[in-house]
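Listed below are the residues making up each chain.
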Amino acid sequence: MTPRSRLHVPSPPARPGQEPDFSYVQISAAGAVPRPDVTASVRDIENLSVEMVRVLGDDHRAVGSWNPHLEPAELQVGLRHMVLTRLFDDRMQRIQRQGRISFYIKSTGEEAVAVAPCMALQPGDMLFPSYRQQGLYMVRGRNLVDLMCQCLSNTHDMCKGRQLPIMYHWADGNIFSISGNLATQFPQAVGWAMAAAIKGEDRIAATWIGEGSSAEADFHHALTFAAVYQAPVILNVVNNQWAISTFQGFAGGEQRTFAQRGPGYGIPGIRVDGNDFLAVYAVTQWAAQRARQSGGPTLIEHVTYRAAAHSTSDDPSRYRPKEEWRAWPLGDPVTRLKQHLIALGEWSEERHTQLEKELEAHVVASWKEAERYGTLSHGPTLDPLTMFEDVLKDMPPNLVHQREELRTLIAEHAVPTPAETARAKEG
Amino acid sequence: MARMNMVQALNSAMDVMLERDPRVVILGEDVGYFGGVFRATDGLQRKHGEHRVLDTPIAEGGIIAAAIGMGVNGLKPVAEIQFADYIYPGFDQVVSELARIRYRTAGEFSAPVTIRTPCGGGIRGGQTHSQSPEALFAHVCGIKVVMPSNPYDAKGLLISSIEGDDPVVFFEPKRIYNGPFDGDPHKPAVPWSAHPRGEVPEGHFTVPLGRAAVVREGRDVSVLTYGTMVHVAEAAVRAAGVDAEIIDVRTIAPLDVDTLATSVCKTGRCLVVHEATRFGGYGAELVATVQEQCFWNLEAPIVRVTGWDTPYPHAFEWEYFPGQARVAAALKQVMEAA
């Protein structure tokens, strides 16, 4: 027989009805990977891209040289942000199921990859998230009502009804707009960081991308530019194992870790237990310190698991085992930080229940307020004529004319209002 | 007043802006040490430093994305894409990002990026160094699209683009970098020094975006054109002895409808000329606009002269290029129609 080439089509270890199998996830023991100096050369720390930085052990104690030694009060704040993120997500998902918002994306199971880095950075550092890092908004303290109003496209919507739910932005909080076209923010963050260095500031940028969309050319552009100019930027790959229905093997994860792409470009790559709040905090702190000392970029792969559906538009039981999350070897970031605090004697089940109650009440109260500013189904919404604003800084003549055309149509009741459309859909 | 060719005028515009505004940075392939393959950034890195005039990796998507990030961080980046034919790897960053950041954030964020890129044929560039993709960008809301036809406008429009708060795609017809080109490749090249629009102030001045220019006044027919074709149209009109009004559109988007409509309503006849391909081209937008604005003044069907609907062939450049003969024939057609 003449040898022939054979196409390899990656296949996840388990599909619906099969036993979950995470034996492909290589896990280092907590504390096993030593923390190098932030000035270490890329060449000398390639092991960080293969092994896994972990601080929290199975006994819920923090061990090893990566332990950031945070005060219990800081850990409690971190826990609070993660719990709030989860409760917010749960509530918004339920609201979407009731038809009161059109779409939602939860971050359940991967709250730590947004909350911990954001706490490790300075408030002036600029964040370029993807669409599953709502935890950033919790850390930087955006009013939940504002986020909900965005999801409702109502009169207080920061995006003025122009973006799908969850595509927030916040200039005052230094969080860039979420695009919806994947990966585009990655090289933009590098450009932002280059500008910070050109201006001689000590602010740095951080950006997040899913492992799935790391297959886009934008990822490659970001790493090339970041390496070439040694831009002060932290490049986070959130490897949550699933890109809608395709597992991480379809982005190249079978051959190499995502962190290993860093050293290929001359950028340190760190593979971290993304459900270990302390480890994620520590590696971000390391990368931030390095960037601020003109040490250039760092690529961080957060190994985590997308516990929820991709979005409210897909049903994960169609493409992966239903209880796969239960088998995820790195557990739940909220539970692990909670257990760590309990082990320290700084937390209890009672206090946790109390916290959840308090935050749930906060979420519910915020929702009640947000709804007062209008819903897509029952109004009020902003004046539709605002759609012609902000296309360019000053409205060009063609848009002035088109706005007048629409004004007439609305005056003649010739177009349905958003609320009428939504009600018609409800039947 | 100095004499400049178009490359020198563009260089001068960037030099003036680098000098006046510390937020201005230049980035692109070969723009730094070497000064650009067409020399548009010659000497700028030496004068303003390598942090402000940056050579980049060969990655148009990366160049445009980095420029967006810089713009979001308060700089005014001027990105060069070496040939318009190379811009497509950055198309998503232009269409989905650059053009929409202000809109999708309701004005909270914006990226005032100017993208300069040489376009057009007539330089033996074959199908990958000759395209005129202005229609693709004119169709995108949220960016301005500009194409100058002479050194004076090139400098004034580029300064306006950099000073403005909106993103701009700035097309530079490279066939006329060194001199006005009337469409006849066999005639000796004419330098800009002999042309009135080759006189360019050395310092700061602007030509406003969104305003077309009447380059020749006339009563019988309006010729709507831009870029290289302005000069081809001028030569054809001269040869035909027609009293044509020639309008240089200059800003492709937003379009100066009033200047166009006033002219066509006056002359009653209209010819649209561009180098780009015809089907779905920018000329279709011009024709539609004229039809909407001037239908009852029209005395003849509007005629288009454009590149053929094929890629730009290397060996048959002058058969492809919509030269004087085609413009003259179209003039005759539009003048003789009832």
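Note on numbering: residues in each chain are counted from 1, in written sequence order. As they are written, the chains are lettered A onward and the ligands numbered 1 onward, keeping that order. Per-residue local features are limited, in this predicted model, to residues with pLDDT of at least 70; the limit for side-chain atom pairs, both in listing and counting, is 80 or more; totals at the level of whole chains, interfaces and linings are taken over all residues.

J.: Could you clarify how one ought to interpret the sheet that holds strand β5 (residues 114-119) of chain B in this entry?
T.: As a general point, the strands of a sheet are linked pairwise by backbone hydrogen bonds and lie either parallel or antiparallel. Residues and elements named next belong to chain B. Pairing between strands requires that DSSP locate at least two bridges from one strand to the other. Strands are runs of DSSP state E lasting at least 2 residues, helices are runs of H or I lasting at least 4, and numbering of each runs from the N terminus. A sheet is described by the order of its strands in space; here seven strands give the open sequence β3-β2-β4-β5-β7-β6-β12, paired in mixed fashion. Each edge of the open sheet carries a strand with a single partner, namely β3 (53-55) and β12 (251-253). Shown here is a sheet whose adjacent strand axes are inclined to one another by a mean of 20°, direction ignored. The pairing of β5 with strand β7 (residues 168-173) spans six bridges and is parallel. Pairing of Arg116 across the sheet is with Phe170, part of β7. Throughout, a pair of residues is in contact if the C-beta atoms placed from their backbones lie within 7 Å. Axis lines are fitted through C-alpha atoms, for helices just across the contact stretch, and the angle between N-to-C directions can take any value from 0 to 180 degrees. Helix α3 (residues 60-72) rests against β2 (24-28), β4 (76-80) and β5 of the sheet, and its axis sits at about 170° to β4.

J.: Whenever I open this one, the interface of chain B and chain A confuses me. Can you help?
T.: Residue-level contacts link 37 residues of chain B with 35 residues of chain A. Top element by residues in the side of chain B that touches chain A is α3(B). It accounts for nine residues. Each residue belonging to the side of chain B that touches chain A can be placed in one class, and the counts come to 18 nonpolar, 12 polar and seven charged. Residues are grouped as follows: nonpolar covers Ala, Val, Leu, Ile, Met, Phe, Trp, Tyr, Cys and Pro; charged covers Asp, Glu, Lys and Arg; every other residue, Gly included, is treated as polar.

J.: Just to check I follow, could you spell out the sheet that holds strand β1 (residues 126-128) of chain A for this structure?
T.: Residue and element names in this part refer to chain A. Read across the sheet, five strands follow the order β1-β2-β3-β7-β6 without closing on themselves; strand pairing throughout is parallel. Strands at the two margins of the open sheet, each flanked by one partner only, are β1 and β6 (269-273). Strand-to-strand, the axes of this sheet are offset by a mean angle of 20°, without reference to chain direction. In terms of strand pairing, strand β2 (residues 205-210) meets strand β3 (residues 233-239) through six bridges, oriented parallel. Each residue of the ladder has a partner; that of Thr207, found in β3, is Leu235.

J.: Quick question: what am I supposed to make of the packing of α3(B) against helix α4 (residues 91-98) of chain B here?
T.: Residues and elements named next belong to chain B. Two elements in contact, α3 and α4, have axes whose closest approach is 8 Å; the angle formed by their N-to-C orientations is 30°. Comparing the axis directions of α3 and α4 gives the class roughly parallel. Between α3, through Gly61, Ile64, Ala65 and Ile68, and α4, the contact on the second element is made entirely by Gln93, Val94, Glu97 and Leu98. In terms of residue class, the contact of α3 with α4 is made up of five nonpolar, two polar and one charged. Should an angle lie under 35 degrees it is considered roughly parallel, over 145 roughly antiparallel, and from 65 to 115 roughly perpendicular; all remaining angles are considered oblique.

J.: What's the story with α3(B) in this structure? I'm lost.
T.: Helical geometry: 3.6 residues make up each α-helical turn, so side chains three or four residues apart lie on a common side. Residues and elements named next belong to chain B. Given a helix with a known number of residues, its expected span is that number minus one, times 1.5 Å. Its 13 residues place the ends of α3 18 Å apart at the C-alpha level, agreeing with the 18 Å of an ideal helix rising 1.5 Å per residue. In terms of residue burial, α3 counts as a mostly covered element, since 13 of its 13 residues are buried. Positioned one or two residues after α3, Gly74 has a phi angle of 90°, which is positive. The exposure scheme places C-beta atoms from the backbone and then counts, for each residue, the other C-beta atoms within 10 Å of its own, assigning buried at 20 or more, exposed at 12 or fewer, and partly exposed in between.

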